[in-house]
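# A look at the structure
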Amino acid sequence: MDAPSLALGGRAEREDDEIPVGAVLVGPDGVLLAEGWNRNITEHDPTAHAEIVAMRQAGMRLANHRLLGCTLYVTLEPCAMCAMAMVHARVARVVFAAPDPKTGACGSVFDLMADPRHNHRVQVQGGLLAQEAGERLRSYFKGKRSRTR
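Model, not experiment: these values are computed from the prediction. (Residues numbered from 1 in each chain as written. Predicted model: local features only at pLDDT ≥ 70, side-chain atom pairs only at ≥ 80, totals over all residues. Heavy atoms only, no water.)

### Let's talk about the packing of helix α2 (residues 50-62) against helix α3 (residues 80-89)
We apply this condition: Axes, fitted as lines to C-alpha atoms, cover a helix only where it is in contact. Angles between the N-to-C directions of the axes lie from 0 to 180 degrees. Put simply, DSSP marks the helices as runs of H or I at least four residues long and the strands as runs of E at least two long, and each gets a number from the N terminus on. Should an angle fall under 35 degrees it is called roughly parallel, over 145 degrees roughly antiparallel, and 65 to 115 degrees roughly perpendicular, with every other angle called oblique. Should the near helix be turned anticlockwise from the far one by less than a right angle, the crossing is termed left-handed; should it be turned clockwise, right-handed. Note on contacts: a residue pair is in contact if any heavy atoms of the two residues lie within 4.5 Å. Throughout, the ten residues Ala, Val, Leu, Ile, Met, Phe, Trp, Tyr, Cys and Pro are labelled nonpolar, Asp, Glu, Lys and Arg are labelled charged, and all others, Gly among them, are labelled polar.
Across the interface, α2 lies against α3 with an axial gap of 9 Å and an inter-helix angle of 25 degrees. Judged by the angle between their axes, α2 and α3 are roughly parallel. Every pair of crossing elements has a handedness; the one defined by α2 and α3 is left-handed. Contact residues: α2 offers E51, I52 and M55, while α3 offers M81, C82, A85, M86 and A89. Looking at the contact of α2 with α3, its residues break down into 7 nonpolar, no polar and 1 charged.

Structure (structure tokens):
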């Protein structure tokens, strides 16, 4: 996990009052290809999760819908939509910080990446900077709950 993903999560919260999830996508050569943060509320788009935003940018930059050899770093375990988008894009690896006990699809609730029926395997690594990312998420939701009372 890298600090830029955490910083992008902070940007989602600060600038857009979105859930603080950030993602960066790095090419096989280690070069940063794209970044994203949650934008689904701001853009009125249920698919604008940080991972999807980053993969869309990378696809445009590479002029290719396949993201072969790329690694996606994200602050929260991907949901089913994002996990399957990674499979379809042929992302090589996903590294996430905090597990998602409600909708995580990379081992917590579901393990879509391990399903042998897929024609592509995405390597999964979780838990790096989990404490920092998890605290940021808990703090965000605590603040949201206190404002709605």
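On we go from here.
### Brief notes about α2
Working note: α-helix, 3.6 residues per turn, so residues spaced by three or four point in the same direction. Our working definition: Here the expected span of a helix is defined as 1.5 Å times the quantity of residues minus one.
With 13 residues, α2 should cover 18 Å at 1.5 Å per step; its first-to-last C-alpha distance of 18 Å lies within 8% of that length. Tucked inside the fold, the buried residues of α2 contact β1 (22-26), β2 (32-37), β3 (71-76) and α3. Where α2 terminates, the next one or two residues include A63, which has phi positive at roughly 55 degrees.

### Examining the UniProt feature "active site" (unreviewed entry) in the chain
Spelled out, the test is: UniProt positions are given in the numbering used here, feature names are shortened, and annotations may be inferred rather than shown by experiment.
Here, UniProt's "active site" (unreviewed entry) annotation points to E51. In this structure, E51 sits in helix α2. With residues up to four places along the chain from it excluded, the contact list for E51 reads A23, L72, V74, L76, P78, C79 and C82.

### A closer look at the side chain of D100
To be explicit about the condition: N or O atoms closer than or at 3.5 Å make up a polar contact, with two conditions inside protein: a donor-capable atom paired with an acceptor-capable one, and, for residues adjacent in sequence, both atoms drawn from side chains.
Among the secondary structure elements, D100 is positioned in the loop between β4 (93-98) and β5 (123-126). Of note is the side chain of D100, whose polar atom sits 2.8 Å from the side chain of T103. Residues within four places of D100 in sequence aside, it is in contact with L76, E77, S108 and V109.

### Here's the deal with the pattern of salt bridges
Selection rule: Salt-bridge detection follows one rule: a side-chain nitrogen of Lys or Arg within 4 Å of a carboxyl oxygen of Asp or Glu. Only protein chains enter the area calculation, which uses a 1.4 Å probe; residues under 20% of their type maximum are buried, those over 50% are exposed, and those in between are partly exposed.
The full count for this structure, using the stated rule, is 3 salt bridges. Put simply, E43 and R39 hold a salt bridge, and the shortest N to O gap is 3.1 Å. One salt bridge in this structure joins D45 and R56, with 3.5 Å as the shortest N-O distance. In this pair, D45 sits in the loop between β2 and α2 while R56 sits in helix α2, placing the two residues 11 residues apart along the sequence. The exposure class of D45 is buried, given its relative accessible area of 18%. By relative accessible area, R56 is classed as partly exposed at 42%.

### Some remarks on the UniProt feature "binding site: Zn(2+)" (unreviewed entry) in the chain
Summarizing the sequence annotation, UniProt attributes the feature "binding site: Zn(2+)" (unreviewed entry) to H49, C79 and C82 in the numbering used throughout. In summary, the annotated positions, though distributed over 34 residues, converge in three dimensions, the widest C-alpha pair being only 9.3 Å. For H49, the position within the fold is in the loop between β2 and α2. If we skip the residues at most four places from it in the chain, C82 touches H49, E51, I52 and M55.

### Quick notes on α3
Those residues of α3 that fall on the buried side of the exposure criterion are C82, A83, M86, V87 and A89. The elements touched by buried residues of α3 are α2, β3 and β4. One or two residues past the end of α3 sits R90, with phi positive at roughly 65 degrees.

### Side note on the sheet that holds β4
Heads up, the condition is: Two strands pair under a simple rule: DSSP has to find at least two bridges between them.
Read across the open sheet, the 5 strands follow the order β2-β1-β3-β4-β5; overall the sheet is mixed. Edge strands, defined here as strands with exactly one partner in the open sheet, are β2 and β5. Sheet twist, expressed as the mean angle between neighbouring strand axes with direction ignored, is 15 degrees. As judged from the 4 bridges shared by β1 and β3, these two strands associate in the antiparallel manner. Bridge assignment links V24 to a residue of β3, and that residue is Y73. Helix-sheet contacts for helix α4 (residues 130-147) involve β3 and β4, and the interaxial angle to β4 is about 60 degrees.

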